[in-house]
Every structure is written in C-alpha cells, then in structure tokens.
Amino acid sequence: AVVFAPLVFSGHLLVAGDVGDSLLAFVALCLISSGIYLANDVQDYEEDRLHPTKRLRPIASGRVSPRSANVASLILLSLGLLLAYVLGHLVFLAALSFVVVNAWYTFYGKRIAILDVMLIGASFVARVLVGAAAIGVPASAWLLLTLFSLATYLGFSKRASELRLGAGARASLSDYTPAFLDHARSAGLAVTLALYTLYTFDSPYGSMMALTVPFVFFGLLRYQAIVDRDDGANDGPSDHIYKDRQLQLAVIAWGLVVVAVILLTP
C-alpha cells in the first residue's frame, strides 16, 4: 500500500486518472512482491520448519514443492514487470530496482547483520518510486527518508523478537545482540518521528498535516511496547497490526485526519 503514498501526499488524490494508474501500479507490485516472497520462502524453507508459525507456510509444510513455487514465482514476476512496463519506462525501472534490491536480500544480504535491515528499507524506497513514477510526480526526499527509517525501525524490531525466539534463527542474528537492537530500535523510532514531522511541514497541504504527528508517535510507541513483550512467535509487523486493536485505531485515525486535511485544504 506504500505505492499510494505519492498519490495521497502530492495532492493528486482526487485526480481520477492518477488514481487509476496508482491502482495498476499497486497490482503490479502485488504480483512482483508475491513472486519475490515465493522465491524467498524457497530459500528459507528449511529454517522456516524450525519456526513455530513459519513452519505452517505452504513450502515449509510441504504442501507446495519448491519447484512449483519457483515456477509460480517466475510467472508472477513476469506479469508484474510486464504491467509496470505498460505503465511506462520509469515505472518499469523503479519496479526493476525493487526486484534487484529484494533479489540481493534473498540470495545474499539477509545473512549480513544491519545490511539485511537496510535492504528492507531500500525496498520500501523502491515501492514509493514506483508509485511516484506511475503518476508522474517527483518523489519527496522527506517521504523516501521517512519510509526508509520506518522500515529499518520495523526490521530491527522484528530481529529483536527473533533473537528472543532463538529456534530457527536466521544467519544474521548471530551478529546481533539485545543491547544493540534496543539502541537501533530507539534510534529508528526517534529518527522516523523527526523525519515524518519535517515531512508534514513540507507537504503541499501546509502545516495542518502536522496534526497527524501525534498518531504516528502513538503508533511507534505502541509498536515498541508490543515488541518489548513479544516472544518472536509471530510473522512480523503485519501480524501485530492484524491483532492489536490500539495499533489499528491509530492507523485509522491517522488516515482519517490525513484525508480530512487534504479535503479541507483549498
């Protein structure tokens, strides 16, 4: 859904053609992401079998063979890149950069501490670039930095949970310590909040967008509190959002205020 960020914050939310192009870019990224996740699960299925929840994934549980998953991955990647190409050369190049970053993560980067999380952040930047290219607007540097910082914060939080779990640990965890991850998470939270606050003042809707900052601050702190008591037996940030009512309310309230500011700004 990050692909819609340029549409919302550029002032093009009510431009029908741009909404349509953003939706097509969203579909393209869903196809590409699905292909990438399949390839990643093929690489990780032996480790996933040791994880309390990941062992239930189709490949790790044996319901889908690695060969079938690889074929499906290639089909989905091809369809997604083809749709991105139809949307324009810049969209295709941005989507291709998303594939390259994630391929580097899947086959190499995820085994190296810090780099693994930074590559996750880079993949979020690529998502925004796809969304911006789809509607022909420049991507705000503040937006790119904010989402990069947010993604790394979430990534370090997930590593902290995985480190507590221990079983089925990924290779990069051997170079992480609880103290380092606590520092990294605190720094990521502070930097994300600071960058987002600066971004709101740079938005085309004026300083009224700063009214959304308290919801972001609450959401970040709430997520920090959840991870602090997390035993690692979950599948990452999306699981927390699906299960925690306070996080859900914070996201909904943030979205409503954003839409209200957009609609009320002349």
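Below is a short write-up of the structure.

**Points about the nonpolar core**
Counting residues in each nonpolar core, the largest one holds 34 residues, and the members touching the most others are Tyr-176 and Met-209. Elements with a contribution of two residues or more to this core: helix H1 (5–9), helix H6 (115–135), helix H7 (141–165), helix H8 (178–201), helix H9 (213–228) and helix H11 (245–264). Not counting residues up to four positions away in its chain, the partners in contact with Met-209 are Phe-9, Thr-200, Ser-203, Val-258, Val-261 and Ile-262. Within the second largest apolar cluster, 16 residues are counted, among which are Ala-25, Leu-81, Val-91 and Ala-134.

**A short note on a nonpolar patch on the surface**
Taken together, the side chains of Leu-14, Val-259, Leu-263 and Leu-264 make up a nonpolar region of the molecular surface, amounting to roughly 450 Å² of accessible area. As for its placement among the helices and strands, Val-259 is situated in helix H11.

**Focus: the packing of helix H2 (residues 16–48) against H6**
Between H2 and H6, the shortest axis-to-axis distance is 9 Å and the interhelical angle comes to 150°. It follows from the interaxial angle that H2 and H6 lie roughly antiparallel. As for the relative orientation of H2 and H6, their crossing is right-handed in sense. Touching Asp-18, Asp-21, Ser-22, Ala-25, Leu-29, Ser-33 and Tyr-37 of H2 are Arg-127, Val-130, Ala-134 and Ile-135, all from H6.

**As for the layout of surface pockets**
By volume, the second largest pocket is sized at about 170 Å³. Gly-35, Ala-39, Ser-73, Leu-77 and Phe-107 are the residues nearest the centre of the second largest pocket, which is lined by 14 residues in total. Listing elements by their share of the lining of the second largest pocket, those giving two or more residues are H2, helix H4 (66–87) and helix H5 (89–107). Split into classes, the residues belonging to the lining of the second largest pocket amount to eight nonpolar, six polar and no charged.

**Concerning the packing of aromatic side chains**
Summed over the entire model, instances satisfying the criterion amount to eight aromatic pairs. Aromatic side chains Phe-9 and Trp-254 sit 6.4 Å apart centroid to centroid with 45° between the ring planes, which places their arrangement in the tilted category. Residue Phe-9 is located in helix H1, and its partner Trp-254 is located in helix H11; the two are separated by 245 residues in the primary sequence. Residue class for Phe-9 comes out buried when judged on its relative accessible area of 8%. Between Phe-156 and Tyr-176, the ring centres sit 6.3 Å apart and the planes meet at 85°, which makes this aromatic pair edge-to-face. One end of the pair, Phe-156, is in helix H7; the other, Tyr-176, is in the loop between H7 and H8, with 20 residues separating them in the sequence. Take Phe-156: its relative accessible area is 10%, and that puts it in the buried class. Through successive ring pairs, a cluster of aromatic residues spans Phe-9, Tyr-199 and Trp-254. The ring of Phe-124 carries Arg-127 above its face, with NZ or CZ at 4.6 Å from the centroid.

About the thresholds
- Residues numbered from 1 in each chain as written.
- Predicted model: local features only at pLDDT ≥ 70, side-chain atom pairs only at ≥ 80, totals over all residues.
- Heavy atoms only, no water.
- Core = buried A, V, L, I, M, F, W, Y, C linked by side-chain atoms within 4.5 Å.
- Buried < 20%, exposed > 50% of the residue type's maximum accessible area, 1.4 Å probe, protein only.
- Helix = DSSP H or I, 4+ residues; strand = E, 2+ residues; numbered from the N terminus.
- Contact = heavy atoms within 4.5 Å.
- Patch = residues over 30% accessible without salt bridge, like charges linked within 9 Å, V, L, I, M, F, W, Y side chains within 5 Å.
- Areas by Shrake-Rupley, 256 points an atom, 1.4 Å probe, with all protein chains shown as cover.
- Salt bridge = Lys/Arg side-chain N within 4 Å of Asp/Glu carboxyl O.
- Axes fitted to C-alpha atoms, helices over the stretch in contact; angles between N-to-C directions.
- Parallel < 35°, antiparallel > 145°, perpendicular 65-115°, else oblique.
- Left-handed = near helix turned anticlockwise from the far one by under 90°.
- 1 Å grid on protein atoms, 1.4 Å probe; cavity = no way out; pocket = protein on both sides within 12 Å on 5 of 7 lines; lining within 4 Å.
- Points joined across faces, edges and corners; volume = space filled by probe spheres on them.
- Nonpolar A, V, L, I, M, F, W, Y, C, P; charged D, E, K, R; others polar.
- Phe/Tyr/Trp six-rings, centres within 6.5 Å; stacked < 30°, edge-to-face > 60°.
- Lys NZ or Arg CZ within 6 Å of the ring centre and 35° of its normal.

So, to be careful, I would describe these as geometric facts and stop short of saying anything about function.
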